[in-house]
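Geometric and topological summary
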Amino acid sequence: MEERRIFSRIRSGILCLIYSENSETVGVVENISESGIALRIKREEAKHDFRSGDMIMATGLDTSEVVQFELEIRRIEEFEDHIIIGAHIINSHDVEPYVHEKRMELLKEICMNN
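Attention here is on the structure that accompanies the text. Model, not experiment: these values are computed from the prediction.

**Topic: the pairing of strand β2 (residues 23–32)**
Summarising the sheet, strand β1 (residues 10–20) and β2 pair through 9 bridges and their orientation is antiparallel. Of the residues in β2, the one forming a bridge with Ile10 is Ile32. Relative to strand β3 (residues 36–42), β2 is paired through 4 bridges, and the arrangement is antiparallel. Its bridge partner being in β3, Val29 is matched across the sheet by Leu39. Two successive antiparallel strands, β2 and β3, enclose a turn made up of 3 residues.

**Describing the pattern of salt bridges**
Applying the stated criterion across every chain, the model contains 8 salt bridges. The salt bridge involving Arg103 is made with Glu34; its shortest N-O contact spans 2.8 Å. Taken together, the residues Arg103 in helix α1 (residues 92–113) and Glu34 in the loop between β2 and β3 connect sequence positions 69 residues apart. Like Glu34, Arg103 is buried. The salt bridge partner of Arg51 is Asp54, with a shortest N-O separation of 3.9 Å. A network of salt bridges, in which partner residues are shared, links Asp62, Lys102 and Glu105.

**Some thoughts on the pairing of β3**
Successive residues of a regular strand alternate their side chains across the two faces of the sheet. Of all 7 residues in β3, 5 are buried; the element is thus mostly enclosed. In this sheet, strand β6 (residues 82–89) lies alongside β3 in antiparallel orientation, the contact comprising 7 bridges. Paired with Ala38 across the strands is Gly86, a residue of β6.

**Focus: α1**
Here α1 is 22 residues long and its end C-alpha atoms lie 30 Å apart, about the 32 Å a rise of 1.5 Å per residue gives. Among all positions of α1, only Ser92, Val95, Tyr98, Val99, Lys102 and Arg103 are buried. In this fold, the buried residues of α1 make contact with β1, β2, β4 (55–62), β5 (65–78) and β6.

Rules used throughout
- Residues numbered from 1 in each chain as written.
- Predicted model: local features only at pLDDT ≥ 70, side-chain atom pairs only at ≥ 80, totals over all residues.
- Heavy atoms only, no water.
- Pairing = 2+ DSSP bridges.
- Helix = DSSP H or I, 4+ residues; strand = E, 2+ residues; numbered from the N terminus.
- Salt bridge = Lys/Arg side-chain N within 4 Å of Asp/Glu carboxyl O.
- Buried < 20%, exposed > 50% of the residue type's maximum accessible area, 1.4 Å probe, protein only.
- Expected span 1.5 Å × (residues − 1).
- Contact = heavy atoms within 4.5 Å.

In short, geometric facts, not functional conclusions.
Structure below.
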């Protein structure tokens, strides 16, 4: 598959709450870039049928920082035990500082290990 992404993905692993219509689902931020995010949801936790084009919100807690994402679902991958949601970050301007900070932490880690 050809990579269309401009910015590289950063692995995250932070827990998040995903809000869709009148439901709340626990998930994990798999990875994030300046304009996109991948969320993992256990199939048994999904309280809503997610569809491409849906607008959802996700709130994550990373150490002491709360990050709020406004998202438009672009793709959904279904597996036996989980679902991966790929979404465009609508409020990317608001979360760019967070993503930049994560990118710098990763760079520091790489430099210290070399």
